[in-house]
Structure formats: structure tokens, C-alpha cells
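Each chain, written out:
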Amino acid sequence: MASESDDDELLAAWRRGERAAGQRLFERYYEVVARFFVNKVGDAGTELIQKTFLACVEGMPRFRGDGSFRSYLFAIAYRQLCLHYKTRAKAPVDLASQSVAGLDPSLASVLVEREEQRLLLAALRSIALELQVVLELHYWEQCPVAEIAAALEIPPGTVKSRLRRGREQLREAIERLAATPALALSTFRGLESWAAAVRARARERP
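Owing to the predicted nature of the structure, the values given are computational and were not obtained by experimental measurement. (Residues numbered from 1 in each chain as written. Predicted model: local features only at pLDDT ≥ 70, side-chain atom pairs only at ≥ 80, totals over all residues. Heavy atoms only, no water.)

Re the side chain of Glu-116
Then comes step 1: Tracing the chain through its elements places Glu-116 in helix 6 (residues 115–126).
Then comes step 2: Looking at Glu-116, the relative accessible area reads 10%, which means it is buried.
Then comes step 3: When neighbours within four sequence positions are excluded, Glu-116 is seen to be in contact with Leu-183, Ser-186, Thr-187 and Trp-194. (Helix = DSSP H or I, 4+ residues; strand = E, 2+ residues; numbered from the N terminus. Buried < 20%, exposed > 50% of the residue type's maximum accessible area, 1.4 Å probe, protein only. Contact = heavy atoms within 4.5 Å.)

Structure follows, in C-alpha cells:
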């Protein structure tokens with residue numbers, strides 16, 4: 001993963017007018033942003049990636065550098081995700097209770113090999129979207145609590161609370177969706193390793 005100091009140097013160069021530095025930042029974080037959307041939206045993913053980077057460019061004059069560039073990008077991506085579902089819904093959307101599976105039942109899964117990985121992805125899509133986002137930032141991107149808090153514009157204590165509730169809902173979803181109790185147990189016990197494996201394949205789709 002790129003260091004925050006490297007990002008700061010590229011960001012400073014970009015602000016001085018060096019367009020190549022901005023291009024390097026976008027190339028560095030394209031897969032990160034793509035991975036953010038891959039288990040949350042369907043065919044709209046490519047469009048949301050483009051909108052995220054466009055909003056990044058447009059909002060750069062207002063970026064004060066209080067957090068990392070990565071958290072700034074995640075903040076934009078999260079707003080684009082919320083806007084996507086609120087725009088396409090015919091009724092009010094409550095991301096604290098509604099899941100991706102409920103908002104978009106036709107969403108295709110990421111292509112993975114192990115049954116535990118497929119179960120994990122399906123379970124993530126079945127929990128409240130705001131909890132899915134926190135869990136994926138934590139397990140897929142290894143974001144610390146402070147960075148997640150900056151990205152979602154919520155207090156660190158709220159991040160910890162959502163992580164706790166997210167793990168509880170995820171365990172319940174895994175148990176509900178698993179073909180056998182043994183599969184549910186191995187999936188939840190190996191959550192971090194399965195998440196790492198899914199992360200490596202997150203941009204591949206069937």
C-alpha cells in the first residue's frame with residue numbers, strides 16, 4: 001500500500017499544477033475505488049468510479065488535508081454510493097437498515113473460488129449497507145478506525161459501534177445462508193483470511 005507521505009508529495013505536486021502527479025494518484029487508487037464499489041453495485045460500478053474521480057478533481061480546492069488522500073477518496077465514493085441508491089429508489093432509502101441484497105437483488109457476485117468466500121460476499125450484501133461499508137473498509141482495505149471515521153464523517157466511537165454490530169449481523173447472515181453449520185463456522189472463524197482472499201479477486205466479475 002502506498003504511504004501517506006508519498007500521497008502527500010504527489011498531492012502537493014498536483015496542486016502546483018503538475019498534472020502527471022494527479023494522474024499517478026489516480027492510477028494508484030483506481031483499483032482501491034473499484035474495490036469499494038464491486039460488492040455494492042452492479043453495472044453502475046464503472047460510472048460511479050468515474051464520478052468519484054471527477055468529484056475528487058472538482059473538490060480538490062476545498063480539500064484541506066485534514067485526513068489522508070485515501071480517506072478523502074473513500075468519503076467521495078461513499079457519497080456517490082449513497083446518491084446512487086437514493087436516486088434509483090422509488091421510496092426513501094435507509095442505509096442504516098437496508099442492505100444491498102434488498103436494494104439491488106440482481107447484483108452479481110464477485111468471481112471467487114472457495115465456497116467460504118462466496119458465502120462471505122453474499123452475507124456482506126445481506127447486512128445493513130452502512131455496516132457493510134465499515135466492515136469492508138476494515139477487512140479489505142485495512143483502514144484504521146480514525147481513517148474510517150474521516151471517510152464516513154462520523155465519530156470514531158460510532159465506527160467501533162458499527163464494526164461490532166456489523167460483525168454480529170454478518171455472523172447471523174453467514175449462519176442463515178450457509179449450507180451447513182460447519183461451513184458457517186469455518187467462514188466466520190476465518191473472516192480475515194477469507195476477506196484477504198476476496199480482496200485479491202475483488203475486481204473480477206463473472
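There's more to say after this.
Digging into helix 6
Then comes step 1: The terminal C-alpha atoms of helix 6 lie 17 Å apart, and with twelve residues this matches the ideal 16 Å at 1.5 Å per residue to within 8%.
Then comes step 2: All buried positions along helix 6 are accounted for by Glu-116, Gln-117, Leu-119, Leu-120, Leu-121, Ala-123, Leu-124 and Arg-125. (Expected span 1.5 Å × (residues − 1).)

Brief notes about the packing of aromatic side chains
Then comes step 1: A full pass over the atoms with the stated rule returns seven aromatic pairs.
Then comes step 2: Taking 5.4 Å as the distance between ring centres and 80° as the angle between the ring planes, the aromatic pair formed by Trp-14 and Phe-26 counts as edge-to-face. Linking Trp-14 in helix 1 (residues 4–15) with Phe-26 in helix 2 (residues 19–38), this pair joins segments that are twelve residues apart in sequence. Here Trp-14 matches Phe-26 in class, with each residue buried.
Then comes step 3: Through successive ring pairs, a cluster of aromatic residues spans Trp-14, Phe-26, Tyr-30 and Phe-53.
Then comes step 4: One Lys or Arg, Lys-40, reaches over the ring of Phe-36 and ends 4.2 Å from the middle of that ring. (Phe/Tyr/Trp six-rings, centres within 6.5 Å; stacked < 30°, edge-to-face > 60°. Lys NZ or Arg CZ within 6 Å of the ring centre and 35° of its normal.)

Concerning unusual backbone geometry
Then comes step 1: Despite not being glycine, Gln-142 has its phi angle at roughly 55°, a positive value.
Then comes step 2: Structurally, the position occupied by Gln-142 is in the loop between helix 7 (129–139) and helix 8 (145–152).
Then comes step 3: With a phi close to 55°, Glu-153 is a non-glycine residue in the positive phi region.
Then comes step 4: Within the element layout of this structure, Glu-153 appears in the loop between helix 8 and helix 9 (156–177).

Re the nonpolar core
Across soluble globular proteins, you tend to see nonpolar side chains buried next to one another.
Then comes step 1: Core analysis: the largest hydrophobic core is formed by 68 residues, its most contacted members being Trp-14, Phe-36, Phe-37, Cys-56, Phe-69 and Leu-81.
Then comes step 2: Non-local contacts of Phe-37, meaning those with residues more than four positions away in its chain, are made with Gly-45, Leu-48, Ile-49, Thr-52, Ala-77, Gln-80 and Leu-81. (Core = buried A, V, L, I, M, F, W, Y, C linked by side-chain atoms within 4.5 Å.)

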